[in-house]
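Chain and residue survey
Chain by chain, the residues run as shown.
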Amino acid sequence: VHFSAHVAAPAFAGLSRVQQHRMVYDIFTGELGSAIHALSLKTEAT
Amino acid sequence: MSDNPLRDAIQQAIDENDVILFMKGTPEQPMCGFSARTSAALQSLDVSFAAVDILPDPRIRQELSALSSWPTIPQLFVKGELVGGADIVAELYESGELPEVLGVAAPAGVPGQAGADPASAPLTAENRLG
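The following refers to the structure shown. (Residues numbered from 1 in each chain as written. Chains lettered and ligands numbered in written order. Predicted model: local features only at pLDDT ≥ 70, side-chain atom pairs only at ≥ 80, totals over all residues. Heavy atoms only, no water.)

All names here are of chain B. For helix α2 (residues 33-44), spanning 12 residues, the distance from its first C-alpha to its last is 16 Å, which sits close to the expected 16 Å at 1.5 Å a residue. Residues of α2 that are buried include every one of Phe34, Ser35, Thr38, Ser39, Ala41 and Leu42, and no others. The buried residues of α2 occupy an angular sector of 150° when the element is viewed end-on, so they sit on one face. Count one or two residues on from α2 and you reach Asp46, which has phi positive near 60°. (Helix = DSSP H or I, 4+ residues; strand = E, 2+ residues; numbered from the N terminus. Expected span 1.5 Å × (residues − 1). Buried < 20%, exposed > 50% of the residue type's maximum accessible area, 1.4 Å probe, protein only. Arc of directions from axis to C-beta.)

Here it is in structure tokens:
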């Protein structure tokens, strides 16, 4: 299953893209790569 | 060295290759659309990179993700740092930042290191020069 998400959050301010994506990935621990094959992400600081 | 030879081999491959892409399949025969797009972006920039196919052994992916704290494939590392997965590489490519991240814009680049030790099976890093 593929999902796509655009996440904008003040918490992303000052973080690198990798750090921003990790924060979102962490919510899905254990599911990404198994139940969820891929999650396309675009993150943005607000 | 830890007591985990596979994780050590992965770390060594990351350390020894300035640009290394962990992907499903190979640049010639990618086995996943995300890996295909990411390796195509690198190839279009004419950058030398090592490519590691994670499919032959599921432990490669397990250890890589444990090491990088990144759950998905592909994963691009430049000079030992995780640059990101397919989305971030695509973003960097589209914004024109990717060559700078890869260091290909730099003049008189230092020749890349040779690939990882082929004896470190089941992890095989194929060095792609030129």
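What follows continues from the structure just given.
Moving on: the environment of Pro71 of chain B. Within the secondary structure, Pro71 of chain B sits in the loop between α3 (58-68) and β3 (75-78). With 26 residues separating them in the primary sequence, Pro71 of chain B and Leu45 of chain B have C-alpha atoms 26 Å apart. Beyond its immediate stretch of four places on either side in the chain, Pro71 of chain B contacts Tyr25 and Leu32 of chain A together with Arg61 and Ser65 of chain B. (Contact = heavy atoms within 4.5 Å.)

On to the interface of chain A and chain B, then. Of the residues lining the interface, 14 residues belong to chain A; the matching set on chain B comes to 17 residues. Summed over both partners, the interface of chain A with chain B comes to about 1300 Å²; 56% of that surface belongs to carbon and sulfur atoms. A salt bridge links Lys42 of chain A to Glu91 of chain B; its shortest N-O distance comes to 3.8 Å. Linking chain A with chain B are 5 residue pairs in polar contact (both at pLDDT 80 or more), by the criterion used here. Among the elements of the structure, α1 (17-27) and β2 (38-45) of chain A are those that each provide at least two residues to the side of chain A that touches chain B. Here the residues of the side of chain A that touches chain B are counted per class, giving 6 nonpolar, 5 polar and 3 charged. (Buried area = accessible area lost by both parts, 1.4 Å probe. Salt bridge = Lys/Arg side-chain N within 4 Å of Asp/Glu carboxyl O. Polar contact = N/O pair within 3.5 Å; in protein donor to acceptor, adjacent residues only side chain to side chain. Nonpolar A, V, L, I, M, F, W, Y, C, P; charged D, E, K, R; others polar.)

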